[in-house]
Structure formats: structure tokens, C-alpha cells
Amino acid sequence: MIVRTINLLLASTSLAWSAATLAAAIPTDVPAADAPSADASDDVGEIVVTSHRTRSVAEVSGIEIQKVLPGISPLKALQTLPGVTYLTADPFGNNEQNISLFVHGFNAQQLGYTLDGIPLGDQTYGNYNGLSPQRAVISENVGRVVLASGAGDLGTASTSNLGGTIDTFTSDPTKTRGVSVSQTVGSYDTYRTFVRVDSGEFGSGNSLYVSGVRQDARAWDFNGHQGGYQANGKFVHDDATGKLTIYGAYSDKTEPNEDATVFTTATVGTAPYARPFFYPDFAGEETYLSSGAYKAAGSNYRNYYSDAQRTDYLAYAKYDWNVSDKIKWSNQAYYHHDDGVGVVAGPIDVAGLPGLFSFYFPGTGSATSPANLARLTTIFGGSGLAARTTEYRINREGWISTLHLNLGNHDIELGGWYEHQSSSAFRRWYAVDVNNPQSPYTRPHDYATPLITQYGSQVKVDEIQTHIQDSWHVLPAVTVLAGFKSTFQRARQDVPVQPIPGSFSNSTALPVGNLNTDKAFLPEVGALWDVTGNEQIFANAQQNIRQFQTSAASGLSPFALGSQQVFDAFKATVKPETSWTYEGGIRTHRSFSFGPITGFEGQASYYHVDFSNRLLAISPTTVITSIISGAAILGNVGSVKTDGVDIAGTLHFGSHFSIYDAVSYNNSRYEDNYSVGLASTVVPTAGKKVPGSPDWLNKTVVSANYGGVDVQVIGDYLGRRFATYTNDLSVPAYFTASARVAYTLPLSPSFPVHNATISVNITNLTDKKAASTLSIGAANGTYNAFPLPPRQVFGTLAFGF
């Protein structure tokens, strides 16, 4: 009854943005695991609810996601939630190379991600164990996105969910036959065409849809292109016995990367805002390399191009069997294949490259002498440029099984997840022919033989996870939850191509062998009290682990360590990162008449985190050269303590106007110092705040609608962020805004076209220039920052028939 009442209330207010309950945890009587996935046929587009859980959980509907910006990444759509920081150098949030995501002080690789329950990996750039949500599903097919900002469900299929989970759910096929079309055009030659065909219900409980999208846009700071093709299909058979779901996704996308600007104590205030690539102006790049401007730029030199190319195939089949009215058994099998490459073409005489190349093409004299540089220029095609690739391949197959038992006052859940994954990463270097320079939008290995294969790694991993939990309804208004999960990882690396010993800093070889980690008992306990029909109090405590990354191309992976001896020492001494998360809060929802105010929903929550065994890549020398993958020691450098508060609520002013606001405070501090270099120089991080994550956030959404007109303005305040581990440099706070105006055409019901809407979205409304994603400096006095994209305008025509 509660959820029906609230849904009716929200539907009647017809809010343009139901920031309603962006954080306002409206209780529901449906357990989270049994909550139905969003259905495009019955999603009213206004409901943003949180579930009846002992943890802080918020949910955003697919329709609201499209209001932020048609085609937006499901992750970027969460940026209006309290405690969430999401930044990227493109307005759609799709560029994976420069994504910055923080939730309560945890970064993107310390969160868990799923799509309809299947694991998406840890979102490391150059994924080795998954893919991004924006590649796994077309944005317009997202039914809802659920954020557990403190700790995720015990059964979440993830090895990285230290700081919570983000679960994306695809929409089901509609019950009526129809076609949906939307066309977006806008700044920097953006166009996006989306088409979806729904069969409607046929046979006995069958329905399906197929859909596709084509998007292309010019990068805002150079003439590169972002976009590609995607296709999704979903079949559902639903009857009294159970529900069969089959889903498939294809994605072939290219994202132009950005080069971050390097800031030092001496250059803050004078460093360039952006470092645009020259592509396709090859003559301009050649002139630049021979000019004084190239040398004067120092670390902020301009490359020719860089991009990420990814092709993915994803599929799953799931059957939810209603064994009886008290027993439900869900089984899901999935498969994922990825073929990807990251490419950068730049000068051959930067970041230690002459030394690296001289190992493979030995010369005489100094590696950086004019004669040797001229010789290397000839070898690499005469352009003074070299193209570096990291070429990826992933194959994953897995199974998830969950049994739900309703035994009187006990709701028991037990389940397991198994995945086998194999991945490879090859680092190669190609010539850039001065007479025929290649395009960044083709795979180098399709037209050329690499001059250097620097290394080649192949890793096989088996993931096993089990869990059991009991939700005990002690009283009608009181529920106590207790359970635990176990996780086991079995990984092995083989290296068919070893680097030449010494060809990158302090490295002799990539390690070969097994790395097994176990954690048999990760408990959770929580409680929920329905104090009144309108207020809830919740509390939860949970321990989580982040299993070791398993890729030679990842900086925090033991398989990227530069010698067998260091790897063996790692296995003997280093522990996985773990966390204890404690959270509690109160939720409320009220409808009343208080002058113009007719309703309020809100939530206030407090959380504390004890984060242990923090991993960090520590240079054994004084410099790590990122271009040539300088070797580092990976070790535990202590713990982090976090305390924070989220307060969010929505005021409703009748049926046509609402104001949502969420304020968040996060205090995450390192507990320990650590040492670097051969001289064991102490880096004084004890007591310092975690860089990259702001202390203060404030999100505001103002919504108004009347007749067919719908207006929404979003404001986002991002507090000051420290940019180094020692907190000696920081970037200032700033405020950005975006807006949407939409008009639904008043068409006759007899007209073949329906739900025709014209909308205009404006991002970065004030054209703010500021730092977006930060690449944290390991030492005093330096950090990297990506630029905030400028104001952009997009128009969309959407309709169905």
C-alpha cells in the first residue's frame, strides 16, 4: 500500500524531475532482489525511488536519464545524487579514458557494476574483466539505474565493490506494438539516431524488441570523432511458472582521448587549458615538431592523435522460476567478448622513448643525441612520430544462481556466482609514415606490422563467490538482516612476449605464475524500522574486499610488476584492499498543505568507513615514465578513515513545480605515511585528505511544467579538490549548470504519430572553464588535469508510431 500511495502521489504531481526521491528513500514492500525491472510500458518517467533496505539506495528511471541528455551514459546520469562526483571531458559522459567517478571517497575502480545482474568489471580504462555500462546497453534502453552508495547487495557479482555498487537495468519490451525514434543534433556536428521496434505481446506471454543507434560527434577541441554503432535486442517470456529473459548487445565505438594538462607549482596559472591533438592536420604537427613551441611546451607538448576503439558482444539468458509461492530460483548464464585497442601517436623523443627504442634498434652514442634521434626518425617512418598501441582481448563466461525462500517471518536468500575469464594485453609500436600517415580510426595491425612488440600478456582467471542472508521480520515494523559472502579468485599469467630486460625502468620481465586470493567471511548486518507510515530509520554494517586486478596493462595489478622476484615478494606480503562500511539514517515522505508547499520527501544519512590495506604503485626510483610503462613496486600503504553526511530532499509546490537539493560532506583522510625511492624517502600523507574527491557537494534540480511545456535546470557545486597525495596543490571549487526545455506536440489521438516531443538541452550553461578529471600527482608539486568541456547545445525530436 505504501508504494502504491507514493507512486500515485508522484504521478499526480507530474514532476518534470522526480528528484523526488533522488535520495529520498521511499520505502517499498518489495524486496530489492525481487523488484521488477523497469518496463518501458509502465515507467511513468517521474519515479525515482529507493528500496525497502537497511542501506542507502537510490534509483533513477530511464526516462529521467534521457531528460538529463539524450544518449547520456547511465553513470553520468547519477551525478545529481548526493555523494556522487562524475566528471569527464565530453558532455555525454562516454569517454572512458578521462572518467572520474567518486562515491563517498571511493574511486571508480573501487565500486561494483552490473547490468541486469551480470558483472561489468571494475571499469578500469582498457578493461580486462568487463565493459562500461554505456557499451553494454544503449542509453535509451536503460530502464533504471540503482546506486547503493555505502555497500551493495551481498549477491552482487563484483570483485571490486569496496565502496558500493551501481546496477543498471535494461527496459523490458513493451506490451503494445510500436516503433520509437529519436534524432539528436547539436554542437560540434553531433548527430545521434536511435530506433527501437517493439513487437508487443504475442503468443502466450511473449514480447521482444530490437533497437539500434548511430552517433557521431566532433571532439570539442580538435577535429576528432566520437561515436559508433550499437544494437540491442531483448526477448521476454513471462507466465505463471516463471520468466525467461534473453538479451544481446553489440557495440562498436571509438572515443577520442584527451591529453591532460600537466601542472606544477611553477606553472599553475600559466599552463594551457587543453592540449588538443593536431589530427587531421599532419602538416601542422610536422611544423610544430620543428618549431620552438614544441620544446617550450615541455610536458604539455601536443600529440598527433589518441583514441580508444572497442568492439563488444554481450549476451545473457536468465530464467526466474516460481517453484512455489514461497520459493523462487533464478539462474543466469552470460557471455562477453571484447576486442579493443588504445592508440596514441606522438613525438619519438619524449618520456624516455629514445632509450626504449634503442633497446630494439641499438645505435652508438647517447640515445638522445641528434644523430640517434635522426636514425630513429627514419626507422619510424620519417615523421618524427611513433604510434603506440595497447591491444586488448577479453572472453568471459559465467553463471549466477540465486534461491529465494520465504519461510514465515524469514526471507532467506542464498546464491553463487562463477566466472571464467581470459584476457590478453599486447603493447606494440608502429611507424607513422611521413608520406602516408594513418588514420586513428583504423586498427594499426590491420594495415601495418608493428616495429616493436614491447610485451604480450595472457591471463586466465576463475572467480567464485557465494552468499547467504536472512531478512528476519522481527515485528511488523522491524526487520533485521544478517548474512555473509565468500569470494575466491584464481588467476594465472603467461607472457608469450617478454620485454627486453632493462627496456623500461627497473624491469627485467613480467611475472609468470599463479596468484590466488580468498576471503571466506565478509559479513553484513542491518536493521530497518518503519517508525510511522511516513518515516523509516535504517542502519547497516558490512565488510567488503577488492580482489587484485589481473592485467599487465593496469598500474595496480601485480601482473604488471617488473620482475618475478618482486611478484613473488608481493604474493608473500601484500593484502587485498578491504573496507568496513557503517551507515545509518532516516527517510521521510509527506503530503500536506502548508501554503504553496504540497509535499516533501527526503533522507539524511551518516556513514563511516574504515578502509584498510590501501594499494599504491610506488616508484623504486624517483621517476615513473607513463609512456613506456615504468616499473613500480605495488604495496600496501596504510588505511583511510572516512566520515560523511548526505542530506537530500524535494519540495513540491502543487503539480507544476518542484525544487530538489542535496548537500554532501565527505572527510576522507589517510592514516599513514609511505616511502618511495631507493633512499626510502617518506611521503607525509598521514592526516592528509584523499585527493580527487571533494569535501563538499551540492546538487540542485528545479523543475516546472505546464501544459505541454517541461523545463528543468540542474545546478552542480563541486568543492575544492586536492590534487596531490601530500595536499600541497589543489583545484578550486566551481559551479556548473545545465538546462532542458521540452514541448510535447498536441497531436490528435487518431494521428499515426504519438508522443512527439521537441527538446533542447544545454550543458555547461555558463561556459565554465575548470578542471574536470584529475590525475593525482604521486610527488609534491605536480598533477595532471583534464579540461571541462565547453557549453554545448543539443536538440532532439522524439516520437513513436
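All values derive from a computational prediction rather than experimental measurement. (Residues numbered from 1 in each chain as written. Predicted model: local features only at pLDDT ≥ 70, side-chain atom pairs only at ≥ 80, totals over all residues. Heavy atoms only, no water.)

Participant: For this particular structure, what's the right way to read the sheet that holds strand β4 (residues 106-107)?
Facilitator: Ordered by their spatial adjacency, three strands build an open sheet running β2-β3-β4, and the pairing between neighbours is antiparallel. The outermost strands of the open sheet, each flanked by one partner alone, are β2 (84-87) and β4. As defined by bridge partners, strand β3 (residues 100-103) adjoins β4 across two bridges and the pair is classed as antiparallel. Considered in β4, the bridge of V103 is made with F106. (Pairing = 2+ DSSP bridges. Helix = DSSP H or I, 4+ residues; strand = E, 2+ residues; numbered from the N terminus.)

Participant: Is there a simple way to think about the confidence of the model for the protein in this case?
Facilitator: Close inspection of predicted coordinates is inappropriate in any region flagged by low pLDDT. The predicted model of the protein has a mean per-residue pLDDT of 89, with 91% of residues at 70 or higher. Mean pLDDT across the secondary structure elements of the protein bottoms out at helix α1 (residues 2-13), with 32, and peaks at strand β6 (residues 118-119), with 98. Ignoring residues within four places in sequence, the model shows residues 1-49, a span with pLDDT below 50, making 140 contacts including any to other chains. Every residue in residues 621-630 scores below 50 in pLDDT, and together they form 24 contacts with partners more than four places removed in sequence or on other chains. (pLDDT = per-residue confidence, 0-100. Contact = heavy atoms within 4.5 Å.)

Participant: Explanation requested: the nonpolar core in the structure shown.
Facilitator: Soluble globular proteins tend to pack their nonpolar side chains together in the buried interior. Core analysis: the biggest nonpolar cluster contains 57 residues, and L78, L101, Y113, L115 and I166 have the highest contact counts within it. The residues contacting I166, other than those within four sequence positions of it, are L75, L78, L101, L111, G112, Y113, T114, V145, V146 and L147. Counting residues in each nonpolar core, the second largest holds 27 residues, with V350, L353, L376 and V432 among its members. (Core = buried A, V, L, I, M, F, W, Y, C linked by side-chain atoms within 4.5 Å. Buried < 20%, exposed > 50% of the residue type's maximum accessible area, 1.4 Å probe, protein only.)

Participant: Would you mind going over a nonpolar patch on the surface with me for this structure?
Facilitator: Taken together, V709, V711, V713, V741, Y743, L745, L747, F751, I758 and L797 make up a surface patch of nonpolar side chains, about 740 Å² in accessible area. The set of elements that each furnish at least two residues to the nonpolar patch consists of β32 (709-718) and β35 (734-744). With three residues, the top contributor of residues to the nonpolar patch is β32. With respect to the secondary-structure elements, V711 resides in strand β32. (Patch = residues over 30% accessible without salt bridge, like charges linked within 9 Å, V, L, I, M, F, W, Y side chains within 5 Å. Areas by Shrake-Rupley, 256 points an atom, 1.4 Å probe, with all protein chains shown as cover. Salt bridge = Lys/Arg side-chain N within 4 Å of Asp/Glu carboxyl O.)

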